[in-house]
Amino acid sequence: DGGITQSPKYLFRKEGQNVTLSCEQNLNHDAMYWYRQDPGQGLRLIYYSQIVNDFQKGDIAEGYSVSREKKESFPLTVTSAQKNPTAFYLCASSTRGPPYEQYFGPGTRLTVT
Amino acid sequence: RKEVEQDPGPFNVPEGATVAFNCTYSNSASQSFFWYRQDCRKEPKLLMSVYSSGNEDGRFTAQLNRASQYISLLIRDSKLSDSATYLCVVKAAGNKLTFGGGTRVLVKP
């Protein structure tokens, strides 16, 4: 059963702690993405990777870091430098070429207090 | 100006009625266009791609107007289950997609 998994579904952390969100896909997609969604808002791109061992900053990369050591995995670390980390985090993947449609995992809701 | 703009709604639609809404984009070099559906507290799911000639998928019709830089989505014979937020998505160069803020649709009995 092909798809994207994200874990955990809910995550609670204290301010000042780094936290890593997991994203795994078995769709054989080259490209993977991390988005952040705040209540009532659209999706904003944090980081993306088009190939293993390569990634680029999106529109709101400050306070976040990623790695892409395997094609299937694209973990996101929310560091203590991120000023407003509480949000809904969505991971997506796509082929590198057409049709460019992105498919999403179920998301992780992070709450930092 | 935002790259992709949508009327946030909500559009309150009687069950069985037709509803249509647009999305405007600012980058004239945009190449690909999509509509995604997002249910409350869930991930977005691809509803349909939007082709230059317009396309239909069951009760859903999408159209692209490159001259005026907008895409539209029309839902016929609305069902209660169509209640969701509809996200307009645009691709320019590269693999990056830009998402609109979404249009909320509420179908009522």
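Refer to the structure presented above.
Residues numbered from 1 in each chain as written. Chains lettered and ligands numbered in written order. Predicted model: local features only at pLDDT ≥ 70, side-chain atom pairs only at ≥ 80, totals over all residues. Heavy atoms only, no water.

1. So, the nonpolar core
Here comes step 1: Grouped together as the largest cluster of nonpolar side chains are 22 residues, with contacts concentrated most on Phe21(B), Trp35(B), Ile71(B), Leu73(B) and Tyr86(B).
Here comes step 2: Among the secondary structure elements, those contributing two or more residues to this core are β3 (19-25), β4 (32-38), β5 (45-50), β7 (60-65), β8 (70-75), β9 (84-91) and β11 (103-108) of chain B.
Here comes step 3: Among all residues touching Phe21(B), those that are not within four sequence positions of it are Phe11(B), Trp35(B), Ile71(B), Ser72(B), Leu73(B), Ile75(B), Tyr86(B), Thr103(B) and Val105(B).
Here comes step 4: Ranked by size, the runner-up nonpolar core spans 19 residues in total, among them Val66(A), Phe74(A), Ala87(A) and Tyr89(A). (Core = buried A, V, L, I, M, F, W, Y, C linked by side-chain atoms within 4.5 Å. Buried < 20%, exposed > 50% of the residue type's maximum accessible area, 1.4 Å probe, protein only. Helix = DSSP H or I, 4+ residues; strand = E, 2+ residues; numbered from the N terminus. Contact = heavy atoms within 4.5 Å.)

2. Concerning the interface of chain A and chain B
Here comes step 1: With 26 residues of chain A in contact, the opposing surface of chain B contributes 18 residues.
Here comes step 2: Approximately 1,700 Å² of surface area, both sides summed, lies buried where chain A meets chain B, with 53% of it carried by carbon and sulfur atoms.
Here comes step 3: It is Tyr100(A), Glu101(A) and Phe104(A) that lose the most area in chain A upon contact with chain B, and together they represent 29% of the buried surface on that side.
Here comes step 4: Remark: the boundary between chain A and chain B carries one salt bridge. (Buried area = accessible area lost by both parts, 1.4 Å probe. Salt bridge = Lys/Arg side-chain N within 4 Å of Asp/Glu carboxyl O.)

3. What to know about the sheet that holds β3(B)
All names here are of chain B.
Here comes step 1: Strands sit in the order β1-β3-β8-β7-β6 across an open sheet of five strands; the sheet is antiparallel. Taken across any chain shown, the strands that pair with only one partner, and hence form the sheet edges, are β1 (4-6) and β6 (55-57). The sheet shows a mean angle of 20° between the axes of neighbouring strands, taken without regard to direction.
Here comes step 2: When β3 meets β8, the two strands line up antiparallel, connected through six bridges. (Pairing = 2+ DSSP bridges. Axes fitted to C-alpha atoms, helices over the stretch in contact; angles between N-to-C directions.)

4. What to know about the state of the cysteines
Here comes step 1: In total, this model carries two disulfides over all chains according to the counting rule given.
Here comes step 2: At a sulfur-sulfur separation of 1.9 Å, the disulfide partner of Cys23(A) is Cys91(A). Across the S-S bond linking Cys23(A) and Cys91(A), the dihedral sits near -75°, which makes this disulfide left-handed. One end of the pair, Cys23(A), is in strand β3 (residues 19-25); the other, Cys91(A), is in strand β9 (residues 87-94), with 68 residues separating them in the sequence. Taken as a pair, Cys23(A) and Cys91(A) share a single burial class, namely buried.
Here comes step 3: Note on cysteine connectivity: Cys23(B) is disulfide-linked to Cys88(B), with sulfurs 1.9 Å apart. Between Cys23(B) and Cys88(B) the disulfide shows an S-S torsion of about -65°. By sign, it is left-handed. Within this pair, whereas Cys23(B) is found in strand β3, its partner Cys88(B) is found in strand β9, the two being separated by 65 residues in sequence. Take Cys23(B) and Cys88(B): they sit in the same class, and that class is buried. (Disulfide = S-S within 2.5 Å.)

Honestly, it's all geometry; don't read function into it.
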